[in-house]
Amino acid sequence: MPRKSRIIYPGAIYHIYQRGNNKDFIFEDSNVKRFMLKYLEEYNKRFDYEILAYVIMNNHYHLLMKTNSSTISEIMFFFNNLMGKFINGRLNRTGHAFEDRYKCELVETDAYLIWLLRYIHRNPVKAGLCIDVKDYKWSSHHIYEGRIESYVNTEFIMNLLGENESASLKQYSKLINCVGNEKDKGQDYQVIREALNMPENILPHRKIYVSNENKVTRKAFEYIIHELNIKEDVFNAIKTGKRHQYLRDIKLKFIRAAMKECYSIREIAAYMNLHPSAVSKSLSRYKIK
């Protein structure tokens, strides 16, 4: 059966998962983990990508990666090739280090991105390697929690959680520490919604898997404005931050229409000159009359 091809475009975000061959504990050696972290940073000089989050377990790893001008295929080909050679040399083994081609899923909503950050950072707790997320040092949690300068781009997701550093850190703490049900994703989404005070339609109940090389065609923002019959001066008033109830209703209509076209909160916020959290709050607070 032919392999499914990857959806590839600049700015795409991927959840990448790779496991050792036969589920072997190929990452159990701390030196292997250090090598991996070193070259995630080093390869960033060769390829154009951003690491948004990571965790290295004993027999697998998870990455959240945003690709820019480099494609996911070329990045992972060279990275896993390097890792495979190092692991086999370090552990004095032969054959395939990894069980198969790396698993890769396109992350197409901010909501799923937020949930994945929680899933990745809580993976060691779920696996029984530690009781508290902060006790596991081989994840990017400590970078997020301590606001440590790093090649890991924490701002990308933290900007979705709050309008300033204090607010986003508070939301991040709730996200990571709220007690959910990781065996039941639907229930876990509900716990996160309640903990972060997010509207129901922000957190989805499904994954979107990579299946082809074509990006979904979406209506342009300008076309959405035309369909909703929003006058140019009215939309400009929204973009300049004017606050009237009728503008709030129009703003919410536009946000909802854009989300139906698969635009992310980040994209909508950028177009409207808003902070991403302001878009989330609009969905939470206001209802169309």
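### Notes on the overall build of the protein
1) Next: A tally of helices and strands in the protein yields 12 helices and 4 strands.
2) Next: Total accessible area on the protein is roughly 15,100 Å²; 48% of this is exposed by carbon and sulfur atoms.

### Thoughts on the side chain of arginine 147
1) Next: Positionally, arginine 147 belongs in the loop between α4 (141-146) and α5 (155-161).
2) Next: Separated by 3.1 Å, the side chains of arginine 147 and threonine 154 make a polar contact.
3) Next: Leave out the neighbours within four places in its chain, and arginine 147 touches His142, Thr154, Glu155, Met158, Glu165 and Leu169.

### Section: the sheet that holds strand β1 (residues 13-19)
Paired through their backbone hydrogen bonds, the strands of a sheet run either parallel or antiparallel.
1) Next: The 4 strands lie next to each other as β2-β3-β1-β4, forming an open sheet whose pairing is antiparallel. Strands with a single pairing partner mark the edges of an open sheet, and in this sheet they are β2 (49-56) and β4 (103-106). The average angle at which neighbouring strand axes cross in this sheet is 20°, direction not considered.
2) Next: Relative to β4, β1 runs antiparallel, the two being bridged by 4 bridges.

### A look at the packing of aromatic side chains
1) Next: The final tally for this structure, using the stated rule, is 16 aromatic pairs.
2) Next: With a centroid separation of 3.7 Å and an interplanar angle of 5°, the aromatic rings of phenylalanine 35 and phenylalanine 86 are classed as stacked. Of this pair, phenylalanine 35 sits in helix α1 (residues 30-42) while phenylalanine 86 is found in helix α2 (residues 72-91), placing the two residues 51 residues apart along the sequence.
3) Next: Taking 6.3 Å as the distance between ring centres and 75° as the angle between the ring planes, the aromatic pair formed by tyrosine 43 and phenylalanine 79 counts as edge-to-face.

### Re helix α11 (residues 265-272)
1) Next: Within α11 the residues assigned to the buried category are Ile265, Ile268, Ala269, Tyr271 and Met272. Buried residues of α11 fall within an arc of 165° about the axis and therefore sit on the same side.
2) Next: The positive-phi residue at the C-terminal boundary of α11 is asparagine 273, with phi of around 60°.

### Brief notes about the environment of alanine 97
1) Next: Looking at the secondary structure, you find alanine 97 in the loop between α2 and β4.
2) Next: The buried category is assigned to alanine 97, whose relative accessible area is 5%.
3) Next: With residues near it in sequence (within four places) discarded, alanine 97 still touches Gly20, Asn21, Ile26, Gly84, Ile87 and Asn88.

### Let's talk about the pairing of strand β3 (residues 60-67)
1) Next: Among the 8 residues of β3, 8 are classified as buried, and the element is accordingly described as predominantly covered.
2) Next: Where β2 meets β3, 7 bridges bridge the pair, whose relative direction is antiparallel. Opposite valine 55, over in β3, you have histidine 62 as the bridge partner.
3) Next: What sits between β2 and β3 in their antiparallel hairpin is a turn of 3 residues.

### Some words on the confidence of the model for the protein
1) Next: Here the protein averages 81 in pLDDT, while 84% of its residues score no lower than 70.
2) Next: Looking over the protein, one finds the lowest element-wise mean pLDDT in helix α7 (residues 185-196), namely 71, and the highest in β2, namely 95.
3) Next: Below a pLDDT of 50 lies the segment residues 204-216, which in the model reaches 34 contacts outside its immediate sequence neighbourhood of four places, other chains included.

### Focus on the pattern of salt bridges
1) Next: Across all of its chains, the model carries 4 salt bridges by this definition.
2) Next: Measuring nitrogen to oxygen at the nearest pair gives 3.4 Å for the salt bridge that ties lysine 45 to glutamate 42.
3) Next: In this structure, lysine 66 engages glutamate 50 in a salt bridge whose closest nitrogen and oxygen atoms are separated by 3.3 Å. Of this pair, lysine 66 sits in strand β3 while glutamate 50 is found in strand β2, placing the two residues 16 residues apart along the sequence. For the pair shown, lysine 66 and glutamate 50 are each scored as buried.

### Observations concerning the side chain of lysine 66
1) Next: For lysine 66, a relative accessible area of 14% corresponds to the buried category.
2) Next: Reaching out from lysine 66, the side chain makes a polar contact with the side chain of asparagine 68 at a distance of 2.8 Å.
3) Next: Apart from the residues within four sequence positions on either side, lysine 66 is in contact with Gly11, Ala12, Ile13, Tyr49, Glu50, Leu52 and Phe156.

### Here we look at unusual backbone geometry
1) Next: In the Ramachandran plot, arginine 147 falls in the positive-phi region, its phi being about 50° despite a non-glycine side chain.
2) Next: For asparagine 273, which is not a glycine, the phi torsion comes out positive at approximately 60°.
3) Next: By secondary structure assignment, the location of asparagine 273 is in the loop between α11 and α12 (276-285).
4) Next: Taking relative accessible area as the criterion, asparagine 273 reaches 55% and is therefore assigned exposed.

Analysis parameters
- Residues numbered from 1 in each chain as written.
- Predicted model: local features only at pLDDT ≥ 70, side-chain atom pairs only at ≥ 80, totals over all residues.
- Heavy atoms only, no water.
- Helix = DSSP H or I, 4+ residues; strand = E, 2+ residues; numbered from the N terminus.
- Areas by Shrake-Rupley, 256 points an atom, 1.4 Å probe, with all protein chains shown as cover.
- Polar contact = N/O pair within 3.5 Å; in protein donor to acceptor, adjacent residues only side chain to side chain.
- Contact = heavy atoms within 4.5 Å.
- Pairing = 2+ DSSP bridges.
- Axes fitted to C-alpha atoms, helices over the stretch in contact; angles between N-to-C directions.
- Phe/Tyr/Trp six-rings, centres within 6.5 Å; stacked < 30°, edge-to-face > 60°.
- Buried < 20%, exposed > 50% of the residue type's maximum accessible area, 1.4 Å probe, protein only.
- Arc of directions from axis to C-beta.
- pLDDT = per-residue confidence, 0-100.
- Salt bridge = Lys/Arg side-chain N within 4 Å of Asp/Glu carboxyl O.

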